[in-house]
Amino acid sequence: MEYCLITDALCKQYRNFKALNGLSMHVPQGSIYGLVGKNGAGKTTLIRLISGIQEPTSGNYTLYGVKNTDKAIYKVRQRMGAVVESPAIYLDMTAEENLKIQYQVLGIPSYEGITELLQLVDLTECGKKKVKNFSLGMKQRLGIAVALCGNPDFLVLDEPINGLDPQGIIEIRELILKLNRELQITILISSHILDELSKLATHYGFVDRGMIVKEISAADLDAVCRKCTRLSVTDTRILCRVLDGMGLEYNIVSNTQADVFGEISVTKLAIALDREHCEVKSMNERDESLENYYMNLVGGGRDA
Ligand code: ATP
């Protein structure tokens, strides 16, 4: 497998606090790599280091085979675009003016690609509107367009859906999938919104206290995670008896709900419950696999 980014025991120390503590990760080319971790785990610090905004205290990283200590890193970093923390955009300008500024910064001689970029992020309609009057989702999409100006094939997005409304989240999700699938851009995306990440990521890196505690592909994650079905019934005491009798593993969620793990025979279960006069109100397969996996890896406490 070819990797566009490999980090090796990266450390970043602020006074006597280690924000990164030997972080080693591998981002395969063509992947959407989800970097998952609690607040303060070190995600933004990692992104700042690989973007060249800060230097590591020790350890190193390789971008498209070029080590960060090599002079050629400046050249190879042109293959990378990033939106770190908030998008780097000027609020008193239009979307087009922002892109022109970025073209000038990068020394791109013609503005030819700008119309196409605005189309790509669905901002063609905003014409003379100043960015300060954009929705958060539009600002985020413009930030991504700015990061795409140099035509990178590796895009790094730090918490791109934070604070967005459901429509904004869908638009960013569709844009990320389009960039990855149609333009073959490798994407590293940090997020603590696991449900959303699970709709995108092909690979995961779980960060805790400045270290990667596990890297796994989405396909392998699916294979190791158990299926979970949430049942709503009239009486969970009867449900427990029936599930025990069928040798199924479960977790009681409330007086009327339980999560049942593994493959279940819906017909057999419904007949057994009916015999005991317990009614099944609803039955849904839940995609909790990523959340459960994450909780088992790093435990509860603060939000992911
Ligand atoms: P969040 O989701 O909250 O942004 P994160 O995983 O991105 O979390 P970082 O922003 O990388 O976490 O921060 C990691 C740790 O390093 C935190 O405890 C943070 O307080 C600390 N930290 C970050 N920057 C500095 C700094 N310049 N000086 C001192 N400590 C810092």
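Everything quoted here is computed from the prediction, not taken from an experiment.

As for the site of the ligand
Thought 1: The immediate surroundings of the ligand are formed by 13 residues, with Gly40, Gly42, Lys43, Thr44 and Thr45 found nearest.
Thought 2: Separating an oxygen atom of the ligand from a backbone N or O atom of Gly42 is a distance of 2.8 Å.
Thought 3: Take Thr45: an N or O atom from its side chain is 2.5 Å from an oxygen atom of the ligand.
Thought 4: With the chains in place, 62% of the 640 Å² that the ligand exposes on its own is no longer accessible.
Thought 5: Contributions of two or more residues to the shell around the ligand are made by strand E2 (17–28) and helix H1 (43–50).

Looking at the environment of Pro166
Thought 1: Take Pro166: it is sitting in helix H6 (residues 166–181).
Thought 2: Relative accessible area serves as the criterion here: at 63%, Pro166 is assigned to the exposed category.
Thought 3: Considered as a pair, Pro166 and Arg275 are 109 residues apart in the sequence and their alpha carbons are 42 Å apart.

A few points about the nonpolar core
Thought 1: Ranked by internal contacts, the top residues of the largest apolar core, which has 50 residues, are Leu99, Leu142, Ile144, Leu155, Ile187 and Tyr204.
Thought 2: For Ile144, the contacting residues outside a window of four places in its chain are Val83, Leu155, Leu157, Ile172, Leu175 and Leu179.
Thought 3: Among the nonpolar cores identified, the runner-up in size contains 27 residues, and Leu5, Leu46, Tyr61 and Val84 belong to it.

Considerations on the packing of helix H3 (residues 95–106) against helix H5 (residues 136–147)
Thought 1: Where H3 meets H5, the closest approach of the two axes is 9 Å, and the angle between their N-to-C directions is 25°. By the angle between their axes, H3 is roughly parallel relative to H5. Considering only the axes of H3 and H5, their crossing is right-handed. Of the residues in H5, those in contact with Ala95, Asn98, Leu99 and Gln102 of H3 are Leu142, Ala145 and Val146.
Thought 2: Counted by class, the contact of H3 with H5 contains 5 nonpolar, 2 polar and no charged residues.

Concerning the sheet that holds strand E1 (residues 3–14)
Thought 1: Reading across from one edge, E2-E1-E4-E5 is the order of the 4 strands in this open sheet, with antiparallel pairing throughout. Strand pairing shows two members of the sheet lacking a second neighbour, E2 and strand E5 (66–67), which therefore form its edges.
Thought 2: In the sheet, E1 pairs with strand E4 (residues 58–63) via 5 bridges, with the strands oriented antiparallel. Looking across to E4, one finds that Cys11 is bridged to Ser58.
Thought 3: Sitting on the sheet, H1 is in contact with E1, E2 and E4, with an inclination near 115° to E1.

Observations concerning helix H10 (residues 266–275)
Thought 1: Where H10 is concerned, the buried positions are Leu269, Ala272 and Leu273. Down the axis of H10, the smallest arc covering the buried residues is 95°, so these residues share one side. Turned more than 90 degrees away from the buried face of H10, the exposed residues are Thr267, Asp274 and Arg275.
Thought 2: Next to the buried residues of H10 lie strand E11 (228–233), helix H9 (236–245) and strand E14 (280–286).
Thought 3: His277 occupies a position one or two residues after H10 and carries a positive phi of about 60°.

Analysis parameters
- Residues numbered from 1 in each chain as written.
- Predicted model: local features only at pLDDT ≥ 70, side-chain atom pairs only at ≥ 80, totals over all residues.
- Heavy atoms only, no water.
- Near = heavy atom within 4 Å.
- Polar contact = N/O pair within 3.5 Å; in protein donor to acceptor, adjacent residues only side chain to side chain.
- Areas by Shrake-Rupley, 256 points an atom, 1.4 Å probe, with all protein chains shown as cover.
- Helix = DSSP H or I, 4+ residues; strand = E, 2+ residues; numbered from the N terminus.
- Buried < 20%, exposed > 50% of the residue type's maximum accessible area, 1.4 Å probe, protein only.
- Core = buried A, V, L, I, M, F, W, Y, C linked by side-chain atoms within 4.5 Å.
- Contact = heavy atoms within 4.5 Å.
- Axes fitted to C-alpha atoms, helices over the stretch in contact; angles between N-to-C directions.
- Parallel < 35°, antiparallel > 145°, perpendicular 65-115°, else oblique.
- Left-handed = near helix turned anticlockwise from the far one by under 90°.
- Nonpolar A, V, L, I, M, F, W, Y, C, P; charged D, E, K, R; others polar.
- Pairing = 2+ DSSP bridges.
- Arc of directions from axis to C-beta.

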